[in-house]
Amino acid sequence: MTDPAAPVPGEPSDPKLMRAAIVERFGGPEVLRLVHLPRPTPKPGHVLVRVHAASVNYGETKIRKGLVPELGPPPHTLGSDLSGTVMNAHPSTHRFKAGDEVYGIHFIGTYAEYVSVPELSLAAKPTTLDHVHAAALPVAAQTALIAIFDYATLRPRQQILIHAAAGGVGHLAVQLAKLRGAHVTGTARQEKHTFLRGMGADELIDYTQVDFTRVARNVDVVLDLIGGTYGRRSLDCLRPGGLVLGAALEPGLTDAEAHRRGMRYRWLGGTSIDRPLDRIRDLVDTGQLRVHVDRTYTLEELPAAHAYADSGRVTGKLVLTIRSSGAAGTNPGLERPSSDARTGGE
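Remember, it's a predicted structure, so these values are computed and weren't measured experimentally.

## Quick word on the packing of aromatic side chains
So, point 1. If you walk through the whole model with that rule in mind, you get 1 aromatic pair.
So, point 2. On the basis of an interplanar angle of 25° and a centroid distance of 5.2 Å, the ring pair of Phe212 and Tyr230 is categorised as stacked. A residue pair is termed long-range when its members are at least 10 positions apart, and Phe212 in the loop between strand 11 (203-205) and strand 12 (219-224) and Tyr230 in helix 6 (residues 229-234) qualify at 18 residues. There is no split in this pair, since Phe212 and Tyr230 are both buried.
So, point 3. Lying over the aromatic face of Tyr230, Arg233 brings its terminal NZ or CZ to 5.3 Å of the ring centre.
So, point 4. Positioned above the aromatic ring of Tyr308, the side-chain terminus of Arg295 is 3.7 Å from the ring centre.

Here it is, written out as structure tokens:
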């Protein structure tokens, strides 16, 4: 929880302050406000990162709406993904130094110009990406990596059904499942099918027109990125002993329910993968994984970004570009692409 200063949208005159976006009360996108907060100093084990870009995740819209009560009452500074430059490090750290370009995960607080981040939550930024595309990766790509490479244990020619396949996690999971040699079926609106075929999907189901349980049958794994009734309905798609992986905040299914039907359910939690962000960076830099950025917004445009996220029509990711106070122009590598790029817009 943060203690916001008076809401002033301009640049702070005090160099010890920074701009940050907060949720002042729970509700719609209009509750997001730009304020001035003290610049953090790195804690033990942390580094101070100047944030160049941060992405908008579905979970952050849930927090804004008050649907994650364990965080307590607002105000909160949201944001989990970041890409930026290390400004300085606590003496207890050793992985990064000032000037290093990094990307990573910090829950919560990356909708800000500066953030103190545990060094273990960061990795060197992919060299083939600008900050916009690097910021789109951490939470979504780590979730997809854990689901496909750790929990699913897919083998060549096995079948996986991915719900919300065109979303932030989904379009990355499609590519990772293809790397495993799996046959990939995805649910998505018709207008997103061409995009998903470009990601490698083999079969696509327009869930607005067709009941996916009547089309996808005898699959080995279902990755449920929607939750609610989708988890339970997905049991109808599985072969005996098949697996539903849940990654939604409201899974709508339990292991006991799946077991009664001779199937399995697992919620994505911890992982045995060592340094997953390093592995993601290597997959990106070797051309094996692409991230798609649908739209970019400035920090001042955050309410519009959340409004678009609330629409449920995002393809890939939404990214905020964050210009540091007192800096002229925009940060290097910050573009406004709508592309699935490895080099900032291919």
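## Considerations on the environment of Thr254
So, point 1. Looking at the secondary structure, you find Thr254 in the loop between strand 13 (238-246) and helix 7 (255-260).
So, point 2. C-alpha separation for the pair Thr254 and Val244, spaced 10 residues apart in sequence, amounts to 9.9 Å.

## Observations regarding the packing of helix 3 (residues 138-151) against helix 4 (residues 168-179)
So, point 1. In the contact formed by helix 3 and helix 4, the axes pass within 8 Å of each other and the chain directions differ by 40°. Comparing their axes, helix 4 and helix 3 come out oblique. For the pair helix 3 and helix 4, the sense of crossing is right-handed. Along its contact with helix 3, which presents Ala140, Ala141, Thr143, Ala144, Leu145, Ile148 and Phe149, the element helix 4 presents Gly168, Val169, Leu172, Ala173, Leu176, Ala177 and Leu179.
So, point 2. A per-class count over the contact of helix 3 with helix 4 returns 12 nonpolar, 2 polar and no charged.

Cut-off values and rules
Residues numbered from 1 in each chain as written. Predicted model: local features only at pLDDT ≥ 70, side-chain atom pairs only at ≥ 80, totals over all residues. Heavy atoms only, no water. Phe/Tyr/Trp six-rings, centres within 6.5 Å; stacked < 30°, edge-to-face > 60°. Helix = DSSP H or I, 4+ residues; strand = E, 2+ residues; numbered from the N terminus. Buried < 20%, exposed > 50% of the residue type's maximum accessible area, 1.4 Å probe, protein only. Lys NZ or Arg CZ within 6 Å of the ring centre and 35° of its normal. Axes fitted to C-alpha atoms, helices over the stretch in contact; angles between N-to-C directions. Parallel < 35°, antiparallel > 145°, perpendicular 65-115°, else oblique. Left-handed = near helix turned anticlockwise from the far one by under 90°. Contact = heavy atoms within 4.5 Å. Nonpolar A, V, L, I, M, F, W, Y, C, P; charged D, E, K, R; others polar.

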